[in-house]
Amino acid sequence: MLTHLPTGTVVICQTKRSQLGNREKAMQMLRTRLYEEQVRKQEEEISRHRKSLVSTGDRSAKIRTYNFPQDALLTPHRVKQFIICRI
């Protein structure tokens, strides 16, 4: 049984007959788990950063809205007025 004190990760391995072989296998498993956790944290940080850069695309974030079924009504959201355009 190996315990990584900073993270509290515990690894138990009893696949081989010798204690030394089990310890080596457990160290390899511990390294793999710590590496995977580090990669997961980095990917999560990148994902969080990307989400902060991308707009949601909802109606409130748009500059203007075209309502073609309603006589081509153009609604510019920045100035809060309606413009009717006949095509």
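This is a predicted model, so every value here is computed, not measured. (Residues numbered from 1 in each chain as written. Predicted model: local features only at pLDDT ≥ 70, side-chain atom pairs only at ≥ 80, totals over all residues. Heavy atoms only, no water.)

Draft legend 1. Looking closely at the side chain of N22. Relative to the helices and strands, N22 resides in helix α1 (residues 19–53). At 2.8 Å, the side chain of N22 forms a polar contact with the backbone nitrogen of K16. Not counting chain neighbours up to four residues away, the residues in contact with N22 comprise C13, Q14, T15 and K16. (Helix = DSSP H or I, 4+ residues; strand = E, 2+ residues; numbered from the N terminus. Polar contact = N/O pair within 3.5 Å; in protein donor to acceptor, adjacent residues only side chain to side chain. Contact = heavy atoms within 4.5 Å.)

Draft legend 2. Region of the structure containing the pattern of salt bridges. This structure, assessed with the given rule, holds 4 salt bridges. A salt bridge links R40 to E44; its shortest N-O distance comes to 3.1 Å. Taken together, the residues R40 and E44, both in helix α1 and 4 residues apart, mark about one turn of the helix. Here R48 makes a salt bridge to E44, at a shortest N to O gap of 3.3 Å. (Salt bridge = Lys/Arg side-chain N within 4 Å of Asp/Glu carboxyl O.)

Draft legend 3. Spatial organisation of the environment of L34. Along the chain, the position of L34 falls in helix α1. Take L34: its relative accessible area is 25%, and that puts it in the partly exposed class. Distance from L34 to H4, taken between C-alpha atoms, is 9.0 Å for residues 30 residues apart in sequence. Residues within four places of L34 in sequence aside, it is in contact with H4, T7 and T9. (Buried < 20%, exposed > 50% of the residue type's maximum accessible area, 1.4 Å probe, protein only.)

Draft legend 4. Structural detail: the environment of M1. As for its placement among the helices and strands, M1 is situated in the segment before β1 (2–4). For the pair M1 and A26, spaced 25 residues apart in sequence, the C-alpha separation works out to 7.4 Å.

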